[in-house]
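Geometric and topological summary
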Amino acid sequence: MENISDSQLLSLLIPVIVAELVLMVTALVVLVRAERTRGPKYMWALIILLGNLLGSIAFFIFGRRSD
Amino acid sequence: MALLTVERLVKTFGDVRAVDGVGFQVDEGRCIALLGPNGAGKTTTIRMLTGLLRPTSGEIRMEGVAPGQDYRGWIGYLPQSPAFYGWMTGREYLIHAGRLCGLSAKEAARRSSELLERVGIGAAGKRRIAGYSGGMKQRLGLAQALIHRPKLLVLDEPVSALDPIGRREVMSLLGELKAETTVLFSTHVLHDAEELCDDVLIMRSGRIAVGGPLERIREQDRKPVLTLETEGDAGSRSWLEGWLRRLPDGIEASSRTASGVRLAARDLDAARSAVLRELAEADVRVAKLEIGQTTLEDLFMKAVGNP
Amino acid sequence: MRTWLVLFRKEWLELLRSYRLIWLPISFLVLGVSQPITAYFLPDILASSGGLPEDVVRSIPLPNASEVMAGSLQQFGTIGLLLLALSSMGAVSNERASGTAAMILVKPVSYLSFITAKWASILAISWLSFAAGYVASWYYTVTLFGSVGGPSVIAGLLYFGLWLSFVGTLALLFSSLLSSPAAAAFGSLALAALLQVAASSLPFEQPWNPGRLSQLAAGGLDAALSDGGSAWLTVAVTATAIAAALYLAARSLQGHSRS
């Protein structure tokens, strides 16, 4: 295995962080625009912000109420 | 000409015969009401007509469709509480429904705009259905049932979930529609049936108790009726209680309240003098005594078996 | 066919409007990338946590590229599968409970079209998400650990994609048989796990068992995981099972759709 420089490492990590951020921002936008959610909105905001990837996923699966 | 013929239709759920040998015809251009109390089997019958439920036995034939062939394209159906995809807009749903019925994209879009206006939700067409009120959903439901110009419009309790204003509006809409297509609708409200339809089928515990053209039923079963209303004081009430138990021959109670009673009579004159004599003797505080003819309501109450 | 396309368009639109088309691929992407990254940094993490003596940490061998890819597949097979099952568990039962299915099925629409349109959308989102995660995992593995053979990577993609499709079909079937979405998710995952455990732990060969698919995928990448059996029967049985499940799901709509 060849060694990798710090800048290369950074360029590998950045896409992952961007993907997670995109998901989090999407979740927050959906949360704010939703008319009804399962449970209070501030609770979901906390879950999305603190639980990053898993929090956002949990919101998409369980938090939205559509009829 | 019979558009739809139903013969010996039966549906059992376990031991319960929800529909027990129902047969009738729907003639083209008529408006027909399936009338009956809740639990009489109206919804089950309708769901078999629309193909949602498979009959245990019996036959449903559509004019011009070979037996066993799919006739769903000829029917437009509005269930009791129509459900939509909340994430679609009203217009998107109508286009979706239209395309499923075989309309081209262009035709579906044209029909959708037209029907949204027609049912009075033109302005809401671009909004998500999730935000619609009950009345708006009912209208959208009517629009999606009409999208493909069905030969037969089947409506299950179309107005029973609406408030008085919504009810009025949907009823007048149905009044217009029945001029254009054949309509079959169910209701437990006699008044709605009387207002709209040409024929009635009164159902009771899975069977058709009375059926036929409204006018004929009205004529056929017309009987003299006496309506007696007392002031409702203790003396009158106990007299009423006792007298009902020893009613003279030829008079029978068709419905009663705490202070009054409706009596059906075979011979009006005999009944009238019997009642007047009785009232004078017992010194009853009469509030009202009316002599008239039975209404459809009396027939309905008798047919569905309420006292 | 035209009706089917209309139904499929609706399912696709629903994927988009429910944001599944965004969150599922991103989740798989992060899932696929996390395996090579954690594997690469594991020695550093262990060293900095200070729990282990340094010479022990140094003696932990770095996995090779194929092992890392196989590890990614394992992530997709557990968490990925869970996400897919959870996102499609209500596909039919929700529509039945709310009455939207009845509104569609009174139209001249075949029950099989109704089911297969949903099925196609589940497959589309599964393959899309998995491919995104798998390709990302491949890219990171090659960058951090060195190259992996192209044919075995492609074979892994196809076998594992088929496995995900199979479990997705199970979720759809259970969703049309059971009224509770949670029961449908649990049922399909439990059956999948059962088949997988049977394939790996029972002492006799099961060339027919769809549970072998994930093993076939991983075995192509990492020979240590291979059971050496042939694949064609497994693929044929899986395809037949999928067709049978679709037929059953369509049958179950008949006469049971609640208004």
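Procedures and definitions
- Residues numbered from 1 in each chain as written.
- Chains lettered and ligands numbered in written order.
- Predicted model: local features only at pLDDT ≥ 70, side-chain atom pairs only at ≥ 80, totals over all residues.
- Heavy atoms only, no water.
- Domains from an automatic or database assignment.
- Contact = heavy atoms within 4.5 Å.
- Buried area = accessible area lost by both parts, 1.4 Å probe.
- Salt bridge = Lys/Arg side-chain N within 4 Å of Asp/Glu carboxyl O.
- Polar contact = N/O pair within 3.5 Å; in protein donor to acceptor, adjacent residues only side chain to side chain.
- Helix = DSSP H or I, 4+ residues; strand = E, 2+ residues; numbered from the N terminus.
- Nonpolar A, V, L, I, M, F, W, Y, C, P; charged D, E, K, R; others polar.
- Disulfide = S-S within 2.5 Å.
- Buried < 20%, exposed > 50% of the residue type's maximum accessible area, 1.4 Å probe, protein only.
- Phe/Tyr/Trp six-rings, centres within 6.5 Å; stacked < 30°, edge-to-face > 60°.
- Lys NZ or Arg CZ within 6 Å of the ring centre and 35° of its normal.

Some details on the domain arrangement of chain B
All names here are of chain B. One can read the domain layout of chain B as domain 1 (2–217) and domain 2 (222–304). Distance from the C-alpha centre of domain 1 to the C-alpha centre of domain 2: 40 Å. With 13 residues of domain 1 in contact, the opposing surface of domain 2 contributes six residues. Overall, the association of domain 1 and domain 2 removes approximately 800 Å² of surface from exposure, summing both partners, and the carbon and sulfur fraction of that is 83%. Three residues, Leu190, Ile202 and Arg204, lead the burial of domain 1 against domain 2; their summed loss comes to 49% of the area buried on that side. Counting across the domain 1 and domain 2 interface gives zero salt bridges. Taken together, domain 1 and domain 2 are joined by zero residue pairs in polar contact (both at pLDDT 80 or more). Elements with a contribution of two residues or more to the side of domain 1 that touches domain 2: α6 (190–196), β8 (199–204), β9 (207–213) and α7 (214–220). Grouping the constituent residues of the side of domain 1 that touches domain 2 by class yields nine nonpolar, two polar and two charged.

As for the state of the cysteines
All names here are of chain B. Enumeration over the complete set of coordinates arrives at zero disulfides over all chains. There is no disulfide at Cys31, and the cysteine sulfur nearest it, in Cys197, is 5.5 Å away. According to the relative accessible area criterion, Cys197 is buried, its value standing at 6%.

Here's the deal with the interface of chain B and chain C
Contact with chain B, which involves 29 residues of that partner, is made by 27 residues of chain C. Each partner contributes to the roughly 2600 Å² buried at the junction of chain B and chain C, and carbon and sulfur atoms together form 61% of this total. Together, Arg72(B), Trp87(B) and Leu100(B) form the three largest contributors to the area buried by chain B at its contact with chain C, with a combined 28%. Counting across the interface, chain B meets chain C through one salt bridge. Our count for the chain B to chain C interface comes out at 10 residue pairs in polar contact (both at pLDDT 80 or more). By residue number, the principal contributor to the side of chain B that touches chain C is helix α2 (residues 90–100) of chain B, which donates six residues.

Some thoughts on the packing of aromatic side chains
Within the structure shown, the criterion is met by 18 aromatic pairs over all chains. Aromatic side chains Trp239(B) and Trp243(B) sit 5.1 Å apart centroid to centroid with 15° between the ring planes, which places their arrangement in the stacked category. Of the two residues, Trp239(B) and Trp243(B) are both situated in helix α8 (residues 234–245); the distance of four residues between them amounts to about one turn of the helix. Given the relative accessible area of 10%, Trp239(B) is considered buried. When the ring of Phe28(C) is compared with that of Phe76(C), the centres are 5.5 Å apart and the planes differ by 15°; the resulting orientation is stacked. Linking Phe28(C) in helix α2 (residues 20–49) with Phe76(C) in helix α4 (residues 65–88), this pair joins segments that are 48 residues apart in sequence. Phe76(C) sits in the buried class, given a relative accessible area of 0%. Members of the aromatic cluster, each reached through a chain of ring pairs, are Trp44(A), Phe59(A), Phe60(A), Tyr19(C) and Trp23(C). Here the basic side chain of Lys10(C) rests over the ring of Tyr85(B), its NZ or CZ set 4.1 Å away from the ring centre. Between the NZ or CZ atom of Lys118(C) and the centre of the ring of Phe114(C), over which it lies, the distance is 5.3 Å.

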